[in-house]
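Spelled out from the first residue to the last, the chains are:
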Amino acid sequence: MESINIVLNQPEIPGNTGSIGRTCVALNARLILIKPYGFDLDEKSIRRAGLDYWKYVELTEYDSFDEFIEKENPQKGKLFFFSKIGKESYFDAKFVEGSYLIFGPETKGLPLDLFDKYSGHFYSIPMFSSKIRSLNLANAATAAAYEVVRQLGAHKV
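First, a word on what this report is: a plain description of the structure on this page. Just so you know, these numbers come straight off a predicted model, no measurement behind them.

### Topic: the overall build of the chain
Then step 1. Secondary structure assignment for the chain yields five helices and seven strands.
Then step 2. Listing the helices and strands of the chain from first to last along the sequence gives β-α-β-α-β-α-β-β-β-α-β-α.
Then step 3. Over its C-alpha atoms the chain spans a radius of gyration of 15 Å, differing by no more than 12% from the 15 Å that the globule rule assigns to 157 residues.
Then step 4. Principal axes of the C-alpha set define a box for the chain whose edges measure 40 × 35 × 35 Å.
Then step 5. Expressed as a percentage of its 157 residues, the buried residues of the chain come to 48%.

Here it is in structure tokens:
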């Protein structure tokens, strides 16, 4: 299976980034971080969440979303943005080899200009209670990554 790419645009909470890095190692996925971060990558909290696996994370960093698009040059059909404003469930997304799963900062989500530019590529993860605004970023990224694995049949031995 070609690598899954988990993209965190301006992540704010180091523990979430560490946990997502651990998921990336489990799936042989790449972790792409887009600056600015709300923390320093050397913080103990990242290593604590990522445990001793952080050293195995295949990490790529970019200074901006535009630089990410320019350098990665992904096909539009490989871009999957996750947001509560997504009109379709991620269960309806048609993931492909090398998909980019893109998540925004924990407190703000992805910028609306991305929604305008990539409107047909936004997906949500179902939440059935009105008592919750959002899911934890690490949980959402892990759920999405494993849905890609399921759809692509990589879970079959």
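### A few points about the nonpolar core
Then step 1. Core analysis: the largest hydrophobic core is formed by 32 residues, its most contacted members being I6, L8, I20, L31, F82, L101 and F103.
Then step 2. Looking at this core, the elements with two or more residues in it are β1 (5-9), α1 (14-27), β2 (30-34), β4 (79-82), β6 (100-103) and α5 (137-152).
Then step 3. For this core, the element with the highest residue contribution is α5, accounting for eight residues.
Then step 4. The next biggest cluster of nonpolar side chains, apart from the first, holds 15 residues, and it includes Y62, F81, Y100 and F122.

### Points about the packing of aromatic side chains
Then step 1. Here the structure, examined in full by the defined rule, presents 13 aromatic pairs.
Then step 2. One aromatic cluster is present, formed by Y62, F65, F68, F81, Y100, F115, Y118 and F122 through successive ring pairs.

### Here we look at the pattern of salt bridges
Then step 1. Following the criterion strictly, the structure yields five salt bridges and no others.
Then step 2. Of the charged contacts in the structure, one is a salt bridge between E12 and K108, with a shortest N-O distance of 3.9 Å. One end of the pair, E12, is in the loop between β1 and α1; the other, K108, is in the loop between β6 and α4 (112-117), and 96 residues separate them in sequence.
Then step 3. For K108, a relative accessible area of 61% corresponds to the exposed category.
Then step 4. The salt bridge involving R30 is made with E72; its shortest N-O contact spans 2.5 Å. With R30 in strand β2 and E72 in helix α3 (residues 65-72), this pair connects stretches of sequence that are 42 residues apart.
Then step 5. Assessed through its relative accessible area of 16%, E72 is described here as buried.

The rules behind these values
Residues numbered from 1 in each chain as written. Predicted model: local features only at pLDDT ≥ 70, side-chain atom pairs only at ≥ 80, totals over all residues. Heavy atoms only, no water. Helix = DSSP H or I, 4+ residues; strand = E, 2+ residues; numbered from the N terminus. Rg over C-alpha atoms; globule rule 2.2 N^0.38 Å. Buried < 20%, exposed > 50% of the residue type's maximum accessible area, 1.4 Å probe, protein only. Core = buried A, V, L, I, M, F, W, Y, C linked by side-chain atoms within 4.5 Å. Phe/Tyr/Trp six-rings, centres within 6.5 Å; stacked < 30°, edge-to-face > 60°. Salt bridge = Lys/Arg side-chain N within 4 Å of Asp/Glu carboxyl O.

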